[in-house]
Each structure stands twice: as C-alpha cells, then as structure tokens.
Amino acid sequence: MSGEEVFIGSIDQGTTSTRFIIYDRSAKPVGSHQVEFTQLYPQSGWVEHDPVEIVESVRLCIAKAVDKATAAGHNVDSGLKAIGLTNQRETTVVWSKSTGLPLHNAIVWMDVRTSSICRKLEKELSGGRTHFVETCGLPISTYFSALKLLWLLDNVDAVKEAVKKGDALFGTIDTWLIWNLTGGKENGLHVTDVSNASRTMLMNLKTLDWDKTILNSLGIPAQILPKIVSNAEIIGNICKGWPIAGVPIAGCLGDQHAAMLGQACQKGEAKSTYGTGAFILLNTGEEIIQSTHGLLSTLAYKLGPKAPTNYALEGSIAIAGAAVQWLRDSLGIIKTASEIEELAMQVNSSGGVYFVPAFNGLFAPWWRDDARGVCIGITRFTNKSHIARAVLESMCFQVKDVLDSMHKDAGEKGEAKNDKGEFLLRVDGGATVNNLLMQIQADLLGSPVVRPANIETTALGAACAAGLAVGVWTENDIFSSGEKRGKSTIFRPTIDDETRKKKVESWCKAVSRTFDLADLSL
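In what follows, the accompanying structure is described. Worth saying up front: this structure is predicted, and the values here are computed from it rather than measured.

Packing of helix H10 (residues 255-262) against helix H15 (residues 457-469) leaves a shortest axis separation of 7 Å and a crossing angle of 80 degrees. By the angle class used here, H10 and H15 are roughly perpendicular. Side by side, H10 and H15 meet where Asp 255, Ala 258, Ala 259, Leu 261 and Gly 262 of the first sit next to Thr 457, Thr 458, Leu 460, Gly 461, Ala 462, Cys 464 and Ala 465 of the second. Per-class residue counts for the contact of H10 with H15 are seven nonpolar, four polar and one charged.

On to the nonpolar core, then. A general tendency of soluble globular proteins is for nonpolar side chains to be buried together. Among the nonpolar cores identified, the biggest contains 140 residues, and Met 201, Leu 202, Leu 218, Ile 220, Leu 261 and Leu 403 are the most heavily contacted of them. A per-element tally of this core places helix H13 (residues 384-410) first, with 13 residues. Excluding residues within four positions of it along the chain, Ile 220 makes contact with Ala 146, Leu 149, Leu 150, Leu 153, Leu 202, Leu 215 and Leu 225. Judged by nonpolar contacts, the second largest core, of 39 residues, contains Val 30, Leu 181, Val 191 and Ile 238.

In this structure, Asp 329 sits in helix H11 (residues 321-331). Under the relative-accessibility criterion, Asp 329 is labelled exposed at 54%. In the structure, Asp 329 is positioned 282 residues away from Val 47 in sequence and 17 Å away in space, judged by C-alpha atoms.

What follows concerns the side chain of His 49. With respect to the helices, strands and loops of the structure, His 49 is situated in strand S4 (residues 48-49). By relative accessible area, His 49 is classed as buried at 0%. Within the structure, the side chain of His 49 is placed 3.2 Å from the side chain of Gln 88, a separation counted as a polar contact. Not counting the four nearest positions on each side in its chain, His 49 is found in contact with Thr 15, Phe 37, Thr 38, Gln 39, Leu 40, Ile 54, Gln 88, Asn 105, Ala 106 and Val 108.

This part takes up the sheet that holds strand S13 (residues 232-237). Within the open sheet, the six strands sit side by side as S3-S2-S1-S5-S14-S13. Their pairing is mixed. Either end of the sheet is taken by a strand with one partner, and the two such strands are strand S3 (29-36) and S13. Adjacent strand axes in the sheet meet at a mean angle of 25 degrees, parallel and antiparallel pairs treated alike. Pairing analysis gives seven bridges linking strand S2 (residues 17-23) to S3, with the strands arranged antiparallel. Bridge pairing in S3 links Arg 19 to Gln 34. On top of the sheet, helix H7 (residues 173-181) reaches strand S1 (7-13), strand S5 (80-87), S13 and strand S14 (248-254); it is set at about 145 degrees to S5, its chief contact.

Hydrogen bonds between backbone atoms are what pair the strands of a sheet, whose relative direction is either parallel or antiparallel. The strand order across the open sheet formed by seven strands is S17-S18-S16-S15-S21-S22-S23, and the pairing between neighbours is mixed. The sheet terminates laterally at strand S17 (296-302) and strand S23 (489-491), the two strands that pair on one side only. Between one strand axis and the next, the sheet turns by 30 degrees as a mean value, whatever way the strands run. Across two bridges, the pairing between strand S21 (residues 425-428) and strand S22 (residues 449-451) is parallel.

Procedures and definitions
Residues numbered from 1 in each chain as written. Predicted model: local features only at pLDDT ≥ 70, side-chain atom pairs only at ≥ 80, totals over all residues. Heavy atoms only, no water. Axes fitted to C-alpha atoms, helices over the stretch in contact; angles between N-to-C directions. Helix = DSSP H or I, 4+ residues; strand = E, 2+ residues; numbered from the N terminus. Parallel < 35°, antiparallel > 145°, perpendicular 65-115°, else oblique. Contact = heavy atoms within 4.5 Å. Nonpolar A, V, L, I, M, F, W, Y, C, P; charged D, E, K, R; others polar. Core = buried A, V, L, I, M, F, W, Y, C linked by side-chain atoms within 4.5 Å. Buried < 20%, exposed > 50% of the residue type's maximum accessible area, 1.4 Å probe, protein only. Polar contact = N/O pair within 3.5 Å; in protein donor to acceptor, adjacent residues only side chain to side chain. Pairing = 2+ DSSP bridges.

Shown next, in the form of structure tokens:
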C-alpha cells in the first residue's frame, strides 16, 4: 500500500458526544467532527439516551469529517480502508428486528433504576453480590447491562411483546450502531465484541461466549443476544445510504479497552482515562486475576479471532470530570470547566478541605450505593479556591485508591517498571489537559504520570484495531510507536512520603463519612 494515501476512520460514541476522526498512515488525524447529543433524566437517578439520535449523530459526524479532510486536500473517498468503532459501555438498547426502531430509550451505564433488582438478586442468589464474579468477573451492580435488560423485560410491554414474538434484539451501543451501519432491518449484522460483551455480566470470561448458567439464573432469552467477535477483524461493510458506503468495519472495542490499546498498554502496564467518570485498567496479560479488593476482572483486548486474549483489572470511578461540571452548572463557582485550574492554583493546598463526589454512590473499590457526597474540613478560612482544589484532589485520590487495590491484587509481578524501577501511570481523556490535576496525581501516587501528545487515545485505539485487521498496521507498529506519535509529558512527584501518608489518611476519613447517607430526608 506504499505511495497511495491510506486512511482509517474511527467512530467514538461517548456518553455526552459522538465523534468521527480520520487518521492517516502515521496515525495523525486529518479530519474530525464532534457533536453533543441530548441527555434525558426522566426521574432522579435515571439517565437515558435516544438511540435514533445517536445513529444520526454518527451519520452527521462521518459526513462532516469526510468533508473537512477532503477540503484539506486528502482523497478520503478512495483512501479510506476501514473504520473502527468505540463506544460508551454498558448502555443498553432493545429494538425491533422488523421495524428497526428502539422499543425504549437506551438506559445509560450510570443509571441507577435497577438498584431494587440488584437487592432482590443479592438476597435470592447463594453468593449474594459476588454470585457471578467467578464466571463473568463482575459483581451484581446497577452498572452492568444485564440488570438494565431485566428492567426492560419487567417494565416495558413493547419489549415483553417483541421477545414473545421473536422480534426483539438486545445490544450495547456498539451492537446498535453496527446493526444500523450494515443495513438495519434489511440485513443488519447483530454482533458485539468481546470487550463490550465482558461488561454485560452475561459473558463467560474463559470461553468468551454467553454463559448459559447466568442466562438461566436471570431468565434472559439467548436468542435476543448478539454474536460475539474479536476486537480486530472484518465484521461487515457499511451499507448504501451512509456517507462511506462499502467501507469495512474492522475494529470494535468498548471505550476503556480502546484507550488501553491507544496507549499501547501491554502486560503490567496501566492507564487512567479521565472523562465524566475515571477508568483505570491494568493489563494482566493472558491471566484472569480475581480481585479481592473491590475491582472488576475484564477483557483488555483480543486483536483477532485467533489472537491471544489479554485480560485486565479495572477500577471504575463514577464521578471525575462530572464533579467539575457540578461546580460549573450547579454551584456557578466557575463559568467554564477549564477555569478550575486557575482558581485552584490561587491556593497552595486545599486548606484541610476534603471533597468526596459520591453523588450516586461510590464505585471501585468501595461499591457503596448508599454513599452520598460530602465536603468536610470547612472553616471560616475556606474559600472557593480551596473547594476547587479539593475537587481536583478528589479525582486523584479516587484513582490512587483503585491503583493501590490493583497492586495488592496483581502483586509485584503484575507491574511493569521502567529502568529506574518506577511504575508509570499512562493518562488520557479531556481532563488531562489540566497540568495541576496531573501534578496532584503524581504527588498522591508517589510515582510518575505520563501524558501522551495525543490525549484522545480512545478513538485512536479503535483505529489501531481496524488498521491491524486490514493490514495497514502491524502489532509491532501499534505497541512500539510510543514517541513517534509526539512527545509525552511526564509529571514527577514533588511531595514527601510523610505528607502523602497524612493526606491519604484524611481522605479515607472523609470517604468513611459518606456511607449510609442515601436515606437523608428531603
């Protein structure tokens, strides 16, 4: 393929926005477009998306990105060899095979309407919360797709009817998009990939197939589930009516797995993505490690049908960047998210203020859905800069909690260190442009934090998988490219061990104060 222009496209369908990015052969973006879409909050704790609006947002982003790349002089029409797709995980859609229309809005990953179903299952099943952990790596939680699907089966008549008639299809957002991209109700392909399937609570981590025992326990019909494929293989071609008809879809990964690939994380390496929430994954190689410290066992990636499966430990933090949005939208302390850095830098510490953003409970490693947010240590001396700094610190403390748990689970052998004996945390996502946040993270970890030149590694990871499947890149290109993609910035710790220890003790005290607050009366 040398000489001609070669491009790989990437659909990045996130929680609040959709993007399409076109990369050239050296993995540099040559055109992109992003749109936000509607967030629906029908009740307190409920979060939904309109699946049709998501499909249309993808269509618009593809058309605009192709226009921009073409206007910049690139021949995308003939040079686009494949696209990859990455998506918000766990978000659940059920639709009609015959009409192609959703039977209900998509229920978003952070939605907590299923908490009563979770409580009921915990009581009924012998292992309680951890009943399925050995099989699928996940505890019973509102977070995962199976519980959202149960709610739809129990509460939505249209879903019940369609299941009875054999007309219902279930999928996460990747499945819904691929079905629409490959023909929809005419002959759309009903598939998901191993990384998204590993987040449903229905896939057996060892066999990489739907687990019959779990399906029977939950009463979920196998016929509504998609076929599971690897992360890097040609799935099917885009149908007529789309701006890039005929191009193969050749890569698919959930967003956190895509970021891991975009960061070239191999065994023993970890990355943290800072978005609405924060997600930390440690690649454990071909070994499934069952956590005893509140983490999830999950897929890292499987780069081809016959490729080895890499697994990971994951810690999910529900509220990271969302806490900054709360300062902006609910308290009005800042006008734009980027202002928080300047405000927090007006003080050199949080002045003894600790903020725990347990707005909808706490995820890893605590898993307390009875927790609610607290801000403690406030005195007459406290001002908005202290609170802004405490919000930034809250993200970093939560990441440290998760990484500490990972190191306990994986042990010394589970960490890849550099030639100085340092464990490096790779970081990505929108919030990492905040240098103060990155410095606080290095200080609280006591180890270096590495920010790549391109912080949008999620879309890049999906492109890498697709490029690998169609032979544009090799695994060696993906895992050894490092500095070719631009120079990384390294943040090194600047505080001493004693100060770090005291801060962590205070943080743990603050976290303990958040428990059992869900029933505070209005």
